[in-house]
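Residue-level listing of the chains:
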Amino acid sequence: MLTRRIFLRGSAIAMAGMGEAPMWLARAAAVEGTKRKTLVAIFMRGAADGLNIVVPFGDPRYRELRPILGLQAPRQGDDNDGNGPFGNVIDLDGTFGLNAGLRPLKALWDNKQLAIVEATGSPDPSRSHFDAQDYMESGTPGKTGNGWLNRALRDAGQDSSPLRAIALSNRVPRTLRGEHEAVALGNVRDFNISDQDRLAILKNMYSLTPDAPLRRTGKDAFEAMKMLQSIGKEPPANPEERAAVASGTVGPPRNNRPTYGAGGELGRNLQQLARLIKSDAGVEAAFAEVDGWDHHQNENGQLPNLLNQFSNAIAAFCQDLGDRMEDVVIVTMSEFGRTVEENGDGGTDHGHGSMMMVLGGAVQGGKVYGQWPGLAKEQLFEGRDLAVTTDFRTVLSELVRGHLGQQDLSSVFPGFNYGASLGLLRS
Amino acid sequence: MTRVVLTIAAAALAAATAPRPGHATGPFDQRLGSDQQIVHALNRLTFGPRPGDVEEVRRVGLTKWMELQLHPEQITENPVLDERLKPLESLRLSLPDVVTKYTPEQNMGMMTMAQNPFDAINKLSQADRTKVMNGTAEERTAVLDAMEPEMRTRVLGALPPNVLAYTPKYKDEAEKARKAQQEERQAQNRARNLQLRDLLTADQLTDVRSGEKDKVLAVFAALDPDKRADVAGQLPPKSQAIVPEYRRTGQFRRAPRLVASEDLKEARVFRAVYSNRQLEEVLVDFWLNHFNVDSTKNIGMTANLGHLLIGSYERDAIRPHVLGHFKDLLLATAQHPAMLYYLDNWESVAPDSFEVGPYAPRRGTLNGVPNSILPNGLQRLAHGLNENYGREVMELHTLGVKGGYTQDDVIAVARCFTGWTVRSPENPQFVFAPFMHDYGEKTVLGHKIPAGGGQEDGLKALDILAHHPSTAKFISMELARHFVADDPPQALVERMALTFTKTDGDLRAVMETMLRSPEFFSEGAWAARMKSPLDMAAGTIRAMGGEVTDAWTLVQKISDMGETLYAKTEPTGYPDVTETWLGAAAITARMNFGAAIASGQVPGVEVDTSRWKGMDNAAIARALLGRQASKQTLDAIGTGLEGKDPSPAVIASLVLGSPDFERR
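On a predicted model such as this, the values are computed, not experimentally measured, just so you know.

**Describing the pairing of strand 8 (residues 285–290) of chain A**
Residues and elements named next belong to chain A. Burial runs high along strand 8: 5 of the 6 residues are buried. Pairing analysis gives 6 bridges linking strand 1 (residues 38–44) to strand 8, with the strands arranged parallel. Its bridge partner lying in strand 8, Phe-43 is registered against Glu-289.

What follows is the structure in structure tokens.
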């Protein structure tokens, strides 16, 4: 079995072709026995409708409150392939099922790499997108501050990569703001000195300056630049992917194989992230976001397509990483869910409880976690929304401690009493 | 982009354990030569020397020049600055007027949607609707067959594809219907948002995108005045920079509140580059960071309210007091709506206030806190005592984190400030609300405040804090850090604290103690401070003798380097140390910034590098840095450019990106 140390040295040698291996990679190789794990947080902005994404088709109240919006229960035998992202719910465990748009994730469920946590959310009752997103990204319901994912990073001092916290967007989101440096990859173009002569001269200056902090940071910067440049130049691996990326088409996957090309912008971003992870760039925390979940009207016309893109991106990423998925966990979240009852416009309004997905090789998947509160009137939050029975911080805490190894949870989620773990990770 | 940040507490701890140069015989007791002193004073009291500044200070005399900077009211302002600020109207309006003029009209809010496609389906009976959306193919087809053709087209256009897949008879018609609806929506959109190609001829289109001043202005002159703002909003940055006033008008139509804060950001850049009252601007920058407010924080249900308040905060609460008495500065920030909202004091209430009568709130457990006032539907009502301001006013504004206050003090101070609130978002004025106030007795840092006081409780608390010995030390430490070195010599800080105490917090006197000290003009202070992104931007332009006609892109670039003006989330502001601005991405942005400016690629900035024609590398470096460049920098440039014939712009871009230029 390929141990971490051999693997790292191997990568260092592989990179010898582009000049010396980065200093921080060498430092990482020197730190024995530490496996660099990655936690990827994907934020679904706009309050995704958990109930039509992971459908409680077994609950009769679902159809009662959603006579038009309700999705058809799974059909025996017929997988309804030909209808693309539209069609009957895909059965998971007899009670819950996936929206047909999430077909690419079914294989991950079957391989026990996808877990779902139901009835999750924040104790804060806000139904304001901005406030609720701020609270969730800060990890402090009711308060806004720095990001939980930044606080989740362990102190590594000098032994950490400048690319350890990556935002797959143009700006660093609140989730990644904090003491540790986070880089927005949307600015890969900007994270570069294009004039090669100038680059060489500046690199020389910074490597020799007696100003120690500048010398250190300069060195990290030039090494990160080199790495990002070499990754950016790589074309996609297979011709099908290349064509899809080139044409930017979205559509049902051919032969049911998920592709980045069908994954939209999230697909492109996760593809970049996969390259960084495979190149041992030292990514520990990554953040991506998908907009467009605020379906106040015509939800069933829009949601399946969005989910199709979403799941293609994630499934292609998992496929791309292959064995390395052992070290990667993806967690999805949304600021709150949507009303159980449909509105008059074929959509839903702001709600409360929702669901989270956790994916990865180390995940105890193939199961729906959490306590389903039921959809009877008295079981609903304020008589209208799915109640929250698992705080989102419970899910995140387990991943932060069990996967990233951060023991000090009280500083990651201040004011939160972390009870028992759900058992999402294989021990 | 963020950068490695040390919290003040961590920095203080680091300072406590690291060797302190101020105590030992270190470079802080080695005096600078007289020419060095001039450059040093320019570097610290201004945003950077411009060509000719050193000679000017030498002519006036350094002591006299510094004295004058300490009395900005005696300095005639630069007329160029006044001209640049003129279009930024919100800067001159009172807070009530800004609120009135820069609040969007109600009907401008949501874009009226094209007719909701689901309207058609909603017009059906409940039974028909269920059959159409969820029935079998036969049921659906039967309902559709029975409809009027026009109605059927509308319904077909609205049905989701999964439904239509089971209705083969009407599939084609549905496709046509959906396409027609899409086209109708697009046409409506186009009518509402006129595209450039609708407003201009092909030639005009090319000209206006060219970024060339004469061409752009010619197109605008020929354009209908009504359309100018629309056109400006769709141009590339280099063209927008030529017509900033039209861009502003366009933004004002779309998002007026944001224009108010945008004015302030652009003004900051203009002032840093052009103001003759440089020390005042450096101090406004310093004190805004000390009394940090985030203009982008969401306040209640009113979007972008903070943007309306920030201009007045800087102009009315900070600027008048930067060389006045600290206690006046403290009071002004404590009572400004921007601070009352930002640190939540506006909604801090005594636990047992207004419990009686028809307006008494419902109570329950909220966020784990028992007996909280429960929100009423979408209304976010107060939750009880909010300690945020009570804590930060001591930890960050006065005593400092190690100043010797306890959690009990935090609660007591917060109780003093209950009732210090804002009238309303529509009328954001300070008001004291007796029904929110906690009238009980409090003990703040050992001082008893008797029961029955109202607004004066807050005033007394501020008085206690302003006069606490830790405050004199903390404020002196912060000033010394900003103007002398990241880890300033203790002896200097103590002398400054003494002045603070003796003069009842006269900030001008404290500045004088600092600026006349041997430590200020010492080797230990020389080139010891890291430029903030704002320092970098203004300093680069000033060093190049450049002109700024539009500051919009500069504000973006300053943000790219890691400093979002008026939008720092944390009340600590940016920690005032080197590490704040160091980060792989940030330092890359800084290196690229200098090159962009030197090559004339930043819209709104004009530089002329011909002044250095014929000068060698070392001379150009000296002109830009105000001092000899380091051997490493000059060697690297010399080696790298060997055999080449670089323009002054290329040499300048290398100097501006060097480690030398990062410091001031």
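**Quick word on helix 27 (residues 469–483) of chain B**
All names here are of chain B. For helix 27, spanning 15 residues, the distance from its first C-alpha to its last is 22 Å, which sits close to the expected 21 Å at 1.5 Å a residue. Summarising burial for helix 27: 12 of the 15 residues are buried, a large majority. Of the residues making up helix 27, those classed as buried are Ser-470, Thr-471, Ala-472, Phe-474, Ile-475, Ser-476, Glu-478, Leu-479, Ala-480, Arg-481, His-482 and Phe-483.

**Describing the interface of chain B and chain A**
The interface of chain B with chain A comprises 57 residues on the first partner and 65 residues on the second. Of the roughly 4,800 Å² buried where chain B meets chain A, counting both sides, 57% is carbon and sulfur surface. Remark: the boundary between chain B and chain A carries 2 salt bridges. Between A:Asp211 and B:Arg663 there is a salt bridge whose closest N-O contact spans 2.7 Å. The tally of links from chain B across to chain A stands at 8 residue pairs in polar contact (both at pLDDT 80 or more).

**A word on the packing of aromatic side chains**
Considering all chains together, one arrives at 17 aromatic pairs over all chains under this definition. Between A:Trp148 and A:Phe413 the ring centres are 6.0 Å apart and the planes differ by 25 degrees, which places this aromatic pair in the stacked class. In this pair, A:Trp148 is assigned in helix 7 (residues 148–151) and A:Phe413 in the segment after helix 14 (409–412), connecting sequence segments 265 residues apart. Measuring from ring centre to ring centre gives 5.8 Å for B:Phe326 and B:Phe500, while their planes differ by 55 degrees; the resulting arrangement is tilted. Taken together, the residues B:Phe326 in helix 22 (residues 326–334) and B:Phe500 in helix 28 (residues 490–502) connect sequence positions 174 residues apart. Taken as a pair, B:Phe326 and B:Phe500 share a single burial class, namely buried. Following the ring pairs from residue to residue traces out a cluster consisting of B:Phe286, B:Trp287, B:Phe291, B:Phe326 and B:Phe500. Across the ring face of A:Phe43, the terminal group of A:Arg45 is positioned such that the distance to the ring centre comes to 4.9 Å. Here the basic side chain of B:Lys568 rests over the ring of B:Tyr574, its NZ or CZ set 4.9 Å away from the ring centre.

**Brief notes about the confidence of the model for chain A**
Residues and elements named next belong to chain A. Model confidence for chain A is summarised by a mean pLDDT of 84, while 82% of its residues fall at 70 or above. The least confident element of chain A is helix 1 (residues 4–14), whose mean pLDDT is 36; the most confident is strand 9 (residues 328–334), at 98. This stretch, residues 1–21, has a pLDDT under 50; its non-local contacts, to residues over four places away or in other chains, come to 27 contacts. The low-confidence segment residues 248–253 (pLDDT under 50) makes 12 contacts with residues lying over four places distant or belonging to another chain.

**Quick notes on the side chain of B:Asn386**
All names here are of chain B. For Asn-386, the position within the fold is in the loop between strand 2 (369–373) and helix 24 (388–397). For Asn-386, a relative accessible area of 18% gives the class buried. A polar atom in the side chain of Asn-386 sits 2.9 Å from the backbone nitrogen of Asn-388. Not counting chain neighbours up to four residues away, the residues in contact with Asn-386 comprise Leu-343, Asp-344, Glu-347, Ser-348 and Ala-414.

**Let's talk about the pattern of salt bridges**
Residue and element names in this part refer to chain B. Scanning all chains against the criterion turns up 52 salt bridges over all chains. Linking Asp-35 and Arg-58 is a salt bridge whose minimum nitrogen-to-oxygen distance equals 3.2 Å. You can see Asp-35 sitting in helix 2 (residues 34–45) and its partner Arg-58 sitting in helix 3 (residues 53–60), a full 23 residues away along the chain. Put simply, Arg-516 and Glu-512 hold a salt bridge, and the shortest N to O gap is 3.8 Å.

**A few points about empty space enclosed by the protein**
Residues and elements named next belong to chain B. The full count for this structure, using the stated rule, is 8 cavities of 30 Å³ or more. The calculated volume of the largest cavity comes to roughly 530 Å³. In this structure, the largest cavity is lined by 34 residues; those nearest its centre are Asp-285, Phe-286, Asn-289, His-290 and Tyr-574. When residues of the lining of the largest cavity are traced back to their parent elements, those giving at least two are helix 1 (8–17), helix 20 (278–290) and helix 27. Classifying every residue of the lining of the largest cavity by side-chain character gives 16 nonpolar, 8 polar and 10 charged. Reported here for the second largest cavity is a volume of approximately 120 Å³. Every residue lining the second largest cavity is counted, 15 residues in all, and those nearest its centre are Asn-43, Gly-48, Pro-49, Lys-531 and Phe-661. When residues of the lining of the second largest cavity are traced back to their parent elements, those giving at least two are helix 30 (533–544) and helix 33 (617–625). Counting residues per element, the lining of the second largest cavity draws most heavily on helix 30, which supplies 3 residues. Along the lines of polarity and charge, the residues of the lining of the second largest cavity split into 6 nonpolar, 4 polar and 5 charged.

Conventions and cut-offs
Residues numbered from 1 in each chain as written. Chains lettered and ligands numbered in written order. Predicted model: local features only at pLDDT ≥ 70, side-chain atom pairs only at ≥ 80, totals over all residues. Heavy atoms only, no water. Buried < 20%, exposed > 50% of the residue type's maximum accessible area, 1.4 Å probe, protein only. Helix = DSSP H or I, 4+ residues; strand = E, 2+ residues; numbered from the N terminus. Pairing = 2+ DSSP bridges. Expected span 1.5 Å × (residues − 1). Contact = heavy atoms within 4.5 Å. Buried area = accessible area lost by both parts, 1.4 Å probe. Salt bridge = Lys/Arg side-chain N within 4 Å of Asp/Glu carboxyl O. Polar contact = N/O pair within 3.5 Å; in protein donor to acceptor, adjacent residues only side chain to side chain. Phe/Tyr/Trp six-rings, centres within 6.5 Å; stacked < 30°, edge-to-face > 60°. Lys NZ or Arg CZ within 6 Å of the ring centre and 35° of its normal. pLDDT = per-residue confidence, 0-100. 1 Å grid on protein atoms, 1.4 Å probe; cavity = no way out; pocket = protein on both sides within 12 Å on 5 of 7 lines; lining within 4 Å. Points joined across faces, edges and corners; volume = space filled by probe spheres on them. Nonpolar A, V, L, I, M, F, W, Y, C, P; charged D, E, K, R; others polar.

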